[in-house]
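# A structural walkthrough
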Amino acid sequence: MAQLEVDLVAADGKVWSGTARQVSAPAADGDIGILAGHTPILSVLRAGPVRVVPADGGAPLQWHVDGGFLSVDADQVTVVVDAVTEGSAAAAAH
């Protein structure tokens with residue numbers, strides 16, 4: 001199964017990096033879901049949850065973000081956020 005390479009970065013440094021099956025985020029005009037093979041996109045994010053389903057089948061990870069942007073190109077997902085708060089499931093993040 002194809003995978004996504006994901007980097008979640010905040011102003012104070014990298015929050016999480018790894019491979020994922022799926023990423024969802026609060027885009028400015030509605031929630032967006034990203035799977036492998038997604039069309040390249042650049043989207044502004046509003047406040048809300050960013051969710052990552054790890055490629056290894058582990059528990060989904062979640063963070064609350066206060067805005068930023070998301071970029072997808074060639075199965076590389078980069079999420080750059082203004083501020084981030086870890087969700088309870090994110091405690092096991094790398």
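Everything here concerns the structure above.
Quick summary incoming for the structure in this document. What you are looking at is a predicted structure, and each value in this text was computed from that prediction instead of being measured.

Scoring rules and cut-offs
Residues numbered from 1 in each chain as written. Predicted model: local features only at pLDDT ≥ 70, side-chain atom pairs only at ≥ 80, totals over all residues. Heavy atoms only, no water. Helix = DSSP H or I, 4+ residues; strand = E, 2+ residues; numbered from the N terminus. Rg over C-alpha atoms; globule rule 2.2 N^0.38 Å. Buried < 20%, exposed > 50% of the residue type's maximum accessible area, 1.4 Å probe, protein only. Contact = heavy atoms within 4.5 Å. Areas by Shrake-Rupley, 256 points an atom, 1.4 Å probe, with all protein chains shown as cover. Pairing = 2+ DSSP bridges.

With that settled, consider the overall build of the protein chain. Helix and strand counts for the protein chain come out as 0 helices and 7 strands. Listing the helices and strands of the protein chain from first to last along the sequence gives β-β-β-β-β-β-β. Scaling as 2.2 N^0.38, a compact globule of 94 residues should have a C-alpha radius of gyration of about 12 Å, and the protein chain matches this with 12 Å. With respect to the three principal axes, the spread of C-alpha positions in the protein chain is 30 × 30 × 20 Å. Burial status across the protein chain gives 37% buried among its 94 residues. Across the protein chain, every contact between residues at least 6 apart in sequence was considered, and the portion connecting residues at least 24 apart equals 48%. Carbon and sulfur atoms make up 52% of the accessible area of the protein chain, which amounts to about 4,900 Å² in all.

A word on the pairing of strand 1 (residues 4-10). Taken across its 7 residues, strand 1 has 5 buried, putting it largely inside the fold. In this sheet, strand 2 (residues 13-27) lies alongside strand 1 in antiparallel orientation, the contact comprising 7 bridges. Bridging from a neighbouring strand, valine 9 pairs with lysine 14 of strand 2. In sequence, strand 1 turns back onto strand 2 through a hairpin of 2 residues. Note that strand 1 and strand 6 (residues 76-81) share 6 bridges and pair parallel. Looking at the pairing, leucine 8 lines up with valine 79 of strand 6.

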